[in-house]
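Examination of the molecular architecture
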Amino acid sequence: MTSLSRARVARRIAAGAAFGGGGVGLVGAAAAGLLLAELRLARRHVGNGSGGRVPVADGVYGPGYEIPGEPPLRLTMLGDSTAAGQGVHRAGQTPGALLAAGLAAVAERPVELRNVALPGACSDDLDRQVALVLSASPPVPDVCVIMIGANDVTRRMPPTRSVRHLSAAVRRLRTAGAEVVVGTCPDLGTIEPVQQPLRWLARRASRQLAAAQTIGVVEQGGRTVSLGDLLGPEFEENPRELFGPDNYHPSAEGYATAAMAVLPTVCAALGLWPAEEERPDVSRREGFLPVARAAAEAASEAGTEVTAAMPTGPRGPWALLKRRRRRRLPEAEPATPWT
């Protein structure tokens, strides 16, 4: 599917989400039946190498940067098993811990991490998760990172409904004063037990949902980072290194790869990235595009960021597409428990 046709599908899904439309199918009815049958077969082959256990990584990272009278930055993770860090054994290997340690090093301030993500969650669980975040006694997080979408595809949630829930979550968090960065739906066509024709269908559905998610998030004032191709070709070429023991969730190396792609956007959202890197770099094919076109391009390329730009144009809202340079993350030391 070309980026232009993916942009058209993404616009239809996002419009349906905004105006309460029904399910704009990611695949045809016959293909959906095959998809479901193949998924059941694939799930029987996926082990539970992590035993379903998710390390608890909540706490304060970078305590050595503490400045008297200055509170730590607050980072909250929301979403599914990818956001929670299922598949690894140590807290410091989870994406939340890696992002917190990286953010602390860039900001030279401690970072307080809270993770409310739930393994197995679909986008309709974000309402509950956002309520947990906003009802907590500490102040609203400085930045929230959401990783969601894979279960929406595998459980055949209508994409308009999926995007509607995600957009509502971003809107509530932004209204409360938090910056929001969303890692969009990963490429499910790379999971080893998944065979053709499911592999092609899963990849197509994943990218269509990721593009539609981008439109919904950007329209609510958030930023997105594509995890589709990041967890696509690189995972496909190095499955033993980037997938965990269950061949489904990322390994420690896989989460580090994803976190390296998300960290620059988290820092940019907080005004911590070098100002010269905020300008579009034509040599890196960055620039302003209609939001649907930017969303479609981002869904096909690793680590691509999309954020709102000009309010509108002859072809609708516009966005800035950035291909930020990844920075290697410092190793996450064990968190200091909250006091």
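Calculation criteria
For every chain, the first residue of its written sequence is number 1, and the numbers climb from 1 along that sequence. Per-residue local features of the predicted model are confined to residues with pLDDT of at least 70, and side-chain atom pairs are confined, for both listing and counting, to 80 or more; whole-chain, interface and lining totals are unaffected and use all residues. With hydrogens and water excluded, all non-hydrogen atoms of the structure serve as input to the side-chain values. Each nonpolar core is a collection of buried residues, namely Ala, Val, Leu, Ile, Met, Phe, Trp, Tyr and Cys, held together in the definition by side-chain atoms within 4.5 Å. Only protein chains enter the calculation, and the probe is 1.4 Å; a residue is then buried if its accessible area is under 20% of its type maximum, exposed if over 50%, and partly exposed in between. Only runs of H or I of at least four residues qualify as helices and only runs of E of at least two qualify as strands under DSSP, and these elements are numbered from the N terminus. In this description, contact between two residues means that some pair of their heavy atoms is separated by no more than 4.5 Å. A residue's pLDDT is simply how confident the predictor is in it, with values from 0 to 100. Only C-alpha atoms enter the line fits that serve as axes; for helices the fit covers just the stretch in contact. Angles between N-to-C directions range over 0 to 180 degrees. Roughly parallel means an angle under 35 degrees; roughly antiparallel, over 145; roughly perpendicular, 65 to 115; everything else is oblique. Crossing handedness: left-handed means the near helix sits turned counterclockwise from the far one by under a right angle, and right-handed means the same turn made clockwise. Throughout this entry, Asp, Glu, Lys and Arg are counted as charged residues, while Ala, Val, Leu, Ile, Met, Phe, Trp, Tyr, Cys and Pro are counted as nonpolar. The remaining residues, Gly among them, count as polar.

**A closer look at the nonpolar core**
- In this structure, Leu75, Leu99, Leu103, Val145, Val181 and Val262 are the most contacted members of the largest nonpolar core, which totals 35 residues.
- Among the secondary structure elements, those contributing two or more residues to this core are strand 2 (73-79), helix 3 (81-84), helix 4 (95-107), strand 3 (111-115), strand 4 (143-147) and helix 11 (252-269).
- Top element by residues in this core is helix 11. It accounts for ten residues.
- Setting aside residues up to four positions removed in sequence, Leu99 forms contacts with Leu75, Met77, Val145, Ala259, Val262 and Leu263.
- Membership of the second largest hydrophobic core comes to 23 residues, among which are Val163, Ala205, Ala319 and Leu321.

**Some remarks on the confidence of the model for the protein**
- Predicted confidence across the protein gives a mean pLDDT of 78, with 69% of residues reaching 70 or more.
- Segment residues 231-235: pLDDT under 50, and 16 contacts once partners within four positions in sequence are set aside and those in other chains are kept.
- Predicted confidence for residues 239-247 stays below pLDDT 50, and this span has 33 contacts to residues more than four positions away or in other chains.

**Examining the packing of helix 5 (residues 126-135) against helix 7 (residues 159-176)**
- At a minimum axis distance of 9 Å, the contact between helix 5 and helix 7 shows a crossing angle of 10°. What the angle tells us is that helix 5 and helix 7 run roughly parallel. Here helix 5 runs over helix 7; the crossing is right-handed. Each of Leu126, Asp127, Val130, Ala131, Val133 and Leu134 in helix 5 lies in contact with helix 7, whose residues at this interface are His165, Leu166, Ala169, Arg172, Leu173 and Ala176.
- Across the contact of helix 5 with helix 7, the residue classes break down as nine nonpolar, one polar and two charged.

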